[in-house]
Every structure is written in C-alpha cells, then in structure tokens.
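Survey of secondary and tertiary structure
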Amino acid sequence: MADRFSDGCEAPGAVHPAPRFAAACAAEWEAGRSSRDNVSLDVARCGRPSDRVIAAMQRHLVAEQHIGGYEAEAAAAPQLDRARLMLAAMMGVPRGRVEFVANGTSAMAQLLASWPWRPGMRVALPRSEFASTRLVLERLAKRERLRPIVLQEDSAGRVALDAFGRLVAGDSRPSLVVVSHVPSHRGIVQPLPEIAELCSQAEARLVVDGCQSLGHVEVPCVGAAAVVGTSRKWLHGPRGVGFVAVEETLWEQLDGPPTLQTHASRPEGQARLANAPALELSEAAVAARLGLATALEETGELVSDVAQHVLAIGRSIRHGLREIPGWRLREGPDEPTALVTFDAPSDETLSRVLVRLRERGIHAGQVPAGRALDLPRSILRLAPEPVARLDWLETVRDVLARAR
Ligand SMILES: *Cc1c(COP(=O)(O)O)cnc(C)c1O
C-alpha cells in the first residue's frame, strides 16, 4: 500500500494512510500553519487558512491603505484571474465564467434568482438537498410558477438512477436538476456522470453544489451548466467568499441584479453591458478573494495529494469508530469522502460528546436536524485536516464509547 500512495496514484483501499506519503503531504500542509493548538475535525464547516493566506490578505489591506482600494484591486487582478481559471478547471466547467460572491449559499441563491425561468418549468432536486437551496427554490416556485420534483434516493441518500431514468423517459421531465456532489450531512458522492447523462437525455440543465467536494473530492467534468462552491471549507481559504462557474450559454442568459457597473438604462429598456459579470458585485472584500486565490496557488499541484491524504484519514476514522455501540456510521466505511457521519445515541449524548472532545482539544462537528429534509435528528460529523498524526483517533473512540 505504501508504494501505491507514494506513486500518488488513484484512490487506494488502505485503512491507514501510508506513512511516507502522508508524512510528506501533511508536513507541508502543517508547516504552513503556525497556530494549530487543536485538532480540527470540522473542516466541512470551516477550514484553517495558512499563514501565507493570512499574510496575502494583510498585504492587500495595507496596499488599500497606501495606494487606494481600487488601485490595489487593479494590481491584484492578474492573480484573481488566475484563481478564476483554476476554479473553472477544478469545478469541471473549464471554459466557464467564474464569478465571486459572498459564500456558497448566495452563489446558489443568486444563480437561481437570475435563472432564465419560464412558467411551468420543472425543477428536480433530491430530498437530501441543502435546506437553503430548497428554501430558495420553494420561493421561486411560487413567484415563477415552477413545478418542483423530488428525486428519489436510495437508503444512503444517493440519487436513485432507475427512478430518475423513468422520470426522464416520462412526460414530467425536469428542465433543471440541482444536486450536491457531496451532501453536507452524508459522506457519499452523488453519481454525477450518470446524473449528467440522464439530464442530457431529458435536455435538462444540471447545477452542481460543490461546496463539500472542492478541495477534497474531484468534481468530474460532466457538462454541468453551473457549479457553485465556497472558499472556507476543504479549500482552506478565508470566510466570506463563494463562487460560481457558469457555462457560457447560460451565463449569457442570466438576469442578475442591475448595478451601475453591469447595466445601462436605455430608451428600449435596461441592458446588461457587454462582458459585465452576471452575479459578481464589484464592491467587495477583495482581500478575501485574494486570500482564496492564495490558498488555491498554495495547494495548487498538491491539491490531489492533499485530497488523497484526507480521504485516507476519513477511511481510518470510519474503520476506527464504526463498531462503537450506540453510534451508527451513516455511510459505507470506504466511501471516497472524508466527510464522516454518525447517528448519535441521542441529542443530549451528542452535545456532551462535542463538549468532552473540545476539552481534549478536538473540535468535532455536528449537522443540526433540518439541514435537509432527510435529517430529522442532529448527527455527528467528522471532517479531518490533512495532518500526519492520528493519535487523536483513540481519544475520539474513548469519548464516544464512554458517552451514554
Ligand atoms: C456549506 C454548504 C453550502 C453553503 O455554503 P456557505 O458558504 O456556508 O454559504 C451549500 N451547500 C452545501 C452542500 C454545503 O455544505
């Protein structure tokens, strides 16, 4: 197994990360962060930016003070453009337009609010879809007279392809399908290539939420119309930045909010200016966007190594904790994600465990009930950093095993 890892080859089935590979990758990642007093198992909520990312943001703020905000932004433009190209490639929309927004929620909300709807359009999404996306679509369904469709899922939360195939073959074909590549409360990967194939049979557009996959699970290039993401999770960028990659034809059709920088008032009506962004607002915290650009550059070529390493840690967590009485692993132990979820014995036990772990310097996560329609109770979520040592795993096992 060690050799497979050090080759940097495809997903291995090892239970533990091979020491040589893990050491090299983790050492680089850890060396970039001077303050790491705790073990973070909550990357799915918020990652830890590196010293270089923080320094780049500070430098930009100082430049804003010295030479002026707009001048500093002009100087940063080439780096931001490189970040857009990197994101487009990572998001599987290599020729798409990448625009920065405030976070993942607003990336999805603004995209859907600007969508070229027609009354009666059918929009399909799984039951497990992120609640904020569902809220936005519920509101739009009323306003635009859309018809929502719930995609069937199997017991693990994967879109049921046979049922989806029947939907596509029938009379109530959707014209838009929205799906999270990796849901925030299930450590599974949705079968995007198969979903995309069925979408193309239905002539439906596909929108992918990549907030929990980017930086961790490769987003395949499947012809999605748009992919949304967020900076602060597995990409370990700063908070306050989200982004969307939009394929060109859709980008032309998006009807984003009119602003001084994007629209002009003409006698025949408002018109979007040539090449103006569809969703991105020019007045923004540029330092944060630059922080994300720096995080992308820094991980750059290492990104697939880091991903392999956190995936291996995810498997170690599942194999290490899967048989503790009262805690039910919610996905298969070898799922290709590092987002590990457990049903807890009770909400009270879950809260107690989170506190006890924190007392031992381990920051675990939870997903509160209601985050999706298929989440009636809060769950434990462990989402690791690409670190070298796994000695904390024994402590987590102890705390879970003793909690009643
Ligand atoms: C975190 C998350 C979002 C929202 O992103 P924010 O940056 O928190 O607004 C959307 N979808 C999924 C699947 C997420 O995990």
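Here goes a summary of the coordinates provided.

**Quick look at the pairing of strand β10 (residues 269-272)**
Sheet topology places strand β9 (residues 263-266) next to β10; four bridges connect them, and they run antiparallel. Paired with Ala264 across the two strands is Ala271, which belongs to β10. Taking the residues between adjacent antiparallel strands as the criterion, β9 and β10 are bridged by two residues.

**What to know about the packing of helix α12 (residues 347-359) against helix α13 (residues 392-402)**
Where α12 meets α13, the axes come as close as 10 Å, and the angle between the chain directions of the two elements is 145°. Taken as a pair, α12 and α13 cross one another with a handedness that is right-handed. Where α12 approaches α13, its residues Val353, Arg356 and Leu357 are matched on the opposing element by Val396, Val399 and Leu400. Here the residues of the contact of α12 with α13 sort into five nonpolar, no polar and one charged.

**As for the sheet that holds strand β1 (residues 39-41)**
With respect to topology, five strands assemble into an open sheet ordered β1-β13-β14-β12-β11, the strand pairing being mixed. Since the sheet does not close on itself, it has two edges, and those belong to β1 and β11 (328-329), each with one partner. Pairing analysis gives three bridges linking strand β13 (residues 362-367) to strand β14 (residues 379-382), with the strands arranged antiparallel. Residue pairing in the sheet places Gly365 in a bridge with Arg381 of β14. The strands that helix α11 (residues 303-321) touches are β1, β11, β12 (340-343) and β14; relative to β12, the one it contacts most, it runs at about 25°. The sheet strands contacting α12 are β13 and β14, and the helix crosses β13 at an angle near 155°.

**With respect to the site of the ligand**
All residues adjacent to the ligand are Asn103, Gly104, Thr105, Phe130, Ser180, Ser184, Asp209, Cys211, Gln212, Thr230, Arg232 and Lys233. Within the backbone of Gly104, a nitrogen or oxygen atom sits 2.8 Å from an oxygen atom of the ligand. Note that a nitrogen atom of the ligand is positioned 2.5 Å from one of the side-chain N or O atoms of Asp209. Isolated, the ligand exposes 380 Å² of accessible area, and the fraction of that covered by the protein chains is 92%. Its residues assigned to classes, the shell around the ligand shows two nonpolar, seven polar and three charged.

**Structural notes on the pairing of strand β6 (residues 205-209)**
Burial analysis of β6 places four of its five residues in the buried class, which makes it a mostly covered element. Pairing of strand β5 (residues 176-180) with β6 involves five bridges; the strand directions are parallel. Along β6, the bridge assignment pairs Val178 with Val207. Regarding the hand of the β-α-β motif, the stretch spanning β5, helix α8 (residues 192-202) and β6 is right-handed. Pairing between β6 and strand β7 (residues 226-230): three bridges, direction parallel. Across the sheet, the residue bridging to Val207 is Ala226, located in β7.

**Looking at the packing of helix α3 (residues 51-67) against helix α4 (residues 69-90)**
Interaxial distance between α3 and α4 falls to 7 Å at its minimum, and their mutual angle equals 130°. Classified by the angle between their axes, α3 and α4 sit oblique to one another. Crossing angle aside, the handedness with which α3 passes α4 is right-handed. Across the interface between the two elements, His60, Ala63, Glu64 and Ile67 from α3 touch Gly69, Glu71, Ala72, Glu73 and Ala76 from α4. The residue makeup of the contact of α3 with α4, split by class, is four nonpolar, two polar and three charged.

**Describing the side chain of Ser184**
If you trace the backbone, Ser184 turns up in the loop between β5 and α8. In this structure, Ser184 is in contact with Phe130, Gln212, Leu339, Val367, Arg371 and Arg381, ignoring residues within four places of it in sequence.

**What about the nonpolar core?**
Within the largest apolar cluster, 41 residues are counted, with the highest numbers of intra-cluster contacts made by Leu87, Phe164, Val177, Leu206 and Phe243. Residues Met108, Leu137, Ala226 and Leu254 belong to the second largest nonpolar core, which totals 27 residues.

**Topic: the state of the cysteines**
Such a bond, covalent and formed between the sulfur atoms of two cysteines, is termed a disulfide. Tallying each qualifying case throughout the model produces zero disulfides. Cys46 provides the cysteine sulfur closest to Cys211, a residue in no disulfide bond, and the two sulfurs are 13 Å apart.

**Regarding the packing of aromatic side chains**
Going through the model one piece at a time under the given rule, you end up with one aromatic pair. Taken together, a centroid distance of 5.9 Å and an interplanar angle of 40° make the contact between Trp115 and Trp117 tilted. Trp115 gets classed as buried once you look at its relative accessible area, which sits at 6%. We classify Trp117 as buried; its relative accessible area is 10%.

What counts, and at which threshold
- Residues numbered from 1 in each chain as written.
- Predicted model: local features only at pLDDT ≥ 70, side-chain atom pairs only at ≥ 80, totals over all residues.
- Heavy atoms only, no water.
- Pairing = 2+ DSSP bridges.
- Helix = DSSP H or I, 4+ residues; strand = E, 2+ residues; numbered from the N terminus.
- Axes fitted to C-alpha atoms, helices over the stretch in contact; angles between N-to-C directions.
- Left-handed = near helix turned anticlockwise from the far one by under 90°.
- Contact = heavy atoms within 4.5 Å.
- Nonpolar A, V, L, I, M, F, W, Y, C, P; charged D, E, K, R; others polar.
- Near = heavy atom within 4 Å.
- Polar contact = N/O pair within 3.5 Å; in protein donor to acceptor, adjacent residues only side chain to side chain.
- Areas by Shrake-Rupley, 256 points an atom, 1.4 Å probe, with all protein chains shown as cover.
- Buried < 20%, exposed > 50% of the residue type's maximum accessible area, 1.4 Å probe, protein only.
- Right-handed = clockwise from strand over helix to strand, strands pointing away.
- Parallel < 35°, antiparallel > 145°, perpendicular 65-115°, else oblique.
- Core = buried A, V, L, I, M, F, W, Y, C linked by side-chain atoms within 4.5 Å.
- Disulfide = S-S within 2.5 Å.
- Phe/Tyr/Trp six-rings, centres within 6.5 Å; stacked < 30°, edge-to-face > 60°.

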